[in-house]
Structures are given as structure tokens and as C-alpha cells.
Amino acid sequence: MFRTEEMDINMGPQHPSTHGVLRLKLTLAGEEVVDIRPVIGYLHRGVEKLCEHRTYPMIEPLTDRLDYVAAISENLGYCGAVEKLMGVQVPPRAQYIRVILAELQRIASHLLWLGTHALDLGAMTVFFYAFRERELILDLFEAFCGARLTYNSMRIGGLYEDVPQGWTDRVRHFIGIFPSREQEYEDLLTVNRIWLGRTQGVGVLKPEDAVALGVSGPTLRASGVDYDVRRAQPYSSYDQFEFEVPVGKNGDTYDRYLVRMEEMRQSCRIIRQALDRLPEGEVRAKVPKYIKPPAGEVYHVVESPRGEQGFYIVHKGGEMPYRMRFRAPSFVNLQALPLMCKGRLIADIVAIIGSIDIVLGDVDR
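## With respect to the packing of aromatic side chains
The full count for this structure, using the stated rule, is 12 aromatic pairs. With a centroid separation of 5.0 Å and 65° between ring planes, the pair formed by Tyr235 and Tyr238 is classed as edge-to-face. Owing to a relative accessible area of 6%, Tyr235 belongs among the buried residues under this scheme. By relative accessible area, Tyr238 is classed as buried at 1%.

## Considering helix H6 (residues 167-189)
Helix length check: H6 (23 residues) gives 32 Å between terminal C-alpha atoms against 33 Å at 1.5 Å per residue, within 8%. Helix geometry: H6 is bent most strongly at Phe178, by close to 35°, with proline Pro179 lying one to four residues after it. Check the buried side of H6 and you find it contacts helix H4 (92-120), helix H5 (124-145), helix H7 (193-199) and helix H11 (253-276).

## Structural notes on a nonpolar patch on the surface
A cluster of nonpolar side chains, Leu119, Met124 and Phe128, forms an exposed patch at the surface whose accessible area comes to about 310 Å². Among the structural elements, Phe128 can be located in helix H5. Given the relative accessible area of 52%, Phe128 is considered exposed.

## What to know about the side chain of Arg365
You can see Arg365 is positioned in the segment after helix H15 (360-364). In this structure Arg365 comes out as buried when scored by relative accessible area, which is 6%.

## Section: the state of the cysteines
Applying the stated criterion across every chain, the model contains zero disulfides. Between Cys51, a free cysteine, and Cys79, which holds the nearest cysteine sulfur, the sulfur-to-sulfur gap is 12 Å.

## So, unusual backbone geometry
Positive phi is not limited to glycine here, since Asn152 has a value of about 45°. Not every positive phi belongs to a glycine, and Asp357 is a case in point at roughly 65°.

## Some thoughts on the pattern of salt bridges
If the charged atoms of two oppositely charged side chains come close together, the side chains can form a pair. Applying the stated rule across the entire model yields 30 salt bridges. The salt bridge involving Glu262 is made with Arg265; its shortest N-O contact spans 2.9 Å. Of this pair, Glu262 and Arg265 are both found in helix H11, three residues apart, which corresponds to roughly one turn of the helix. On the basis of relative accessible area, Glu262 is assigned to the partly exposed category, the value being 26%. Take Arg265: its relative accessible area is 32%, and that puts it in the partly exposed class.

## Examining the sheet that holds strand E6 (residues 296-304)
Strand order in the open sheet made by the three strands is E6-E7-E8, with antiparallel pairing throughout. Each of the sheet's edge strands pairs with one partner strand only, and the pair in question is E6 and strand E8 (323-327). Averaged over all adjacent pairs, the angle separating strand axes in this sheet is 10°, with direction ignored. Here strand E7 (residues 307-315) runs beside E8; their pairing, made up of five bridges, is antiparallel. Residue Gly310 lies in a different strand from E8, and its bridge partner there is Arg327. Set on the sheet, helix H3 (residues 71-86) makes contact with E6, E7 and E8; between it and E6 the angle comes to about 150°.

Calculation notes
Residues numbered from 1 in each chain as written. Predicted model: local features only at pLDDT ≥ 70, side-chain atom pairs only at ≥ 80, totals over all residues. Heavy atoms only, no water. Phe/Tyr/Trp six-rings, centres within 6.5 Å; stacked < 30°, edge-to-face > 60°. Buried < 20%, exposed > 50% of the residue type's maximum accessible area, 1.4 Å probe, protein only. Helix = DSSP H or I, 4+ residues; strand = E, 2+ residues; numbered from the N terminus. Expected span 1.5 Å × (residues − 1). Bend = angle between axes of the 7 residues up to and from the residue. Contact = heavy atoms within 4.5 Å. Patch = residues over 30% accessible without salt bridge, like charges linked within 9 Å, V, L, I, M, F, W, Y side chains within 5 Å. Areas by Shrake-Rupley, 256 points an atom, 1.4 Å probe, with all protein chains shown as cover. Salt bridge = Lys/Arg side-chain N within 4 Å of Asp/Glu carboxyl O. Disulfide = S-S within 2.5 Å. Pairing = 2+ DSSP bridges. Axes fitted to C-alpha atoms, helices over the stretch in contact; angles between N-to-C directions.

Right under this line is the structure:
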């Protein structure tokens, strides 16, 4: 009478994605997860195919819709790929402003992750605190380009225009107050015994497994692998800034939390250096009105808040790419979910999938 049977069920909507665009098919033995299979494709928009029928400037707004909570990172990666294909040198001032924007975007993305991840695990106050600071960053983006989510903020060769007057002072004010605000999040979570119980030892991903699966970003570094594209393959003048790459020890949900918290501090450090050294000059290189790169192929990669974001272009002439391919970190990182969840309980799935920080627009494209 006490015999248990395996049961297949669908998971949702505990994670913001699992109510519509991500299906998790679970095999359970009681409360224990025997197997978990992510089922994707519900948000597929064929962006890579759409790119083949648009000119290079027309493609950039499509990149906003990939990882839509880190659109500036997508803009930066795409423009960098086209610039590499064309052999265009971006002016130093534009490179520095791009770095400032990208690091502000990293903080904003991590704040969204922190607030929703904590909310998933029952800590509502952190959600309000994190969004309080995220709004300040979105105000800065709105002042720069007029948008708060999908920015279309860059142009091939640099930026559309320079930052508005007084904008850098507002950025300095933000990075001045942010460390004390981040300390408030940590006071609520880092030594909270409920938070520790839900995250420590949960969803362990060993370094060798992370590398074998192609995992990148904070999820990889939390497993103890010291790899960051900004350090390994510097772009947009990142080699001119001093910063530390936070690395975890245990590869669990708690370490993934600690790594992202430290990344936000390092982002403030990079922004401060970029503001102090911000050069004068033009913000856009001289590029043709009609962009027609030479025939060839190129792969360019940036470190988005979720990991290694790659852009592969094959060009055979004309104004449109022959083929376009995006290397989406959320898509690759998601395949580590079954390994991290097997043997855990249903409640742990909520913590584990939140700690990976996937965005379904980045998974399905």
C-alpha cells in the first residue's frame, strides 16, 4: 500500500516563464524529481531568418527583442559584429559610452533577476527594493535614447548621438548611492536562514559539467570556472579597465546569487573608471549611408548579463546578410537544468531555474 509510482506532470507557473512560453515536463517519484525535460518553441519568432531579408541598420531593432531585459548588450554585440566585418574602428568616446551603457544594463538586468528570484522564493521586500534602483537606471536610458526596454541605442560605427547634457553627472550620482542600496539587499538575504536553506547545496553544477554543456556567464563562474568574455576576448576598450571576475566555489544556487551580487559592484567600478577617463571627440565613425560590407564571415562575442552572447554573420555581397546566427546564452544554459534538478524536490526547481536567469526571448529567438 506504500508503493510509489512515477508520474509525469507539467510544471508552472511558479517561474514567470512557465505559464506560457516554457514547458517543463517532470517525471516525479513522490516529491523527488526523477527527470525534467524543458520543452521550448512557444516563443519562436524566426529572428535569424528575418535578418536575411533586412538591411544591416534595419536588423538592430530585432536584436532588442532577443534578450529584452538586456537589449543594450544585444545592440552592442550586433553592431560589433558588423563593425568587425566592415573593418570599422569605433571612436574612443563611443567605446567608453558603450561600456557605461552596457554595465548599467548589466546592473539593471541583475536587479530584475534578484527581485524576481527572491519573489519566487517568498521574499517580497527584495523585489520592491531592487526595482527601486532599476527604475533609476531606466530613467538614465530614457534620457539617453527615449526608451526604457527596447533601446535601439547604438549604430554601426558608434552611437546615434552623444549623451545629453548632465547625463554623466546623473550616472555618477547613481553609482554613488547604489553600493549602500545593494547592502540593503544583502542584509535581507545573504545570511537569512530561510534564503540559505532554499539555496545552499541546491542545484549544484560541477565545473567539468558546466564546461561540457557550454554554460557561460554567472552560471559558469559560480561553478568555479574563471571565464569572462570581457577579460578573455576584450571588446569596446574593456581591456583598459580594472575589474575583478567573481568566481564561486560550490556551483550551487547560493553561489550564483553571490556571483551576480559581486558583478554589480564590479560594474559600478568599471563605470566609474569610464566616467573618469571619458575622452572627447566624435561618437560615430564615418560609415557609408548604404552599408555594404565586403563578402566574408565573422563571429563576434560579448559578455551579456546571462553569458556569452555570440553573433555570426555570413555576407555574400549587397545590403543584407546571407546568413545570421545568434549564440544565445539562455538557450545553452537551459540545457544544464535537468542535470541540476535530478534528485531534488519540486520546490527546488523554482530556486534552480531562477538562479540560471533565463529569458525566453533569448532561448527561442
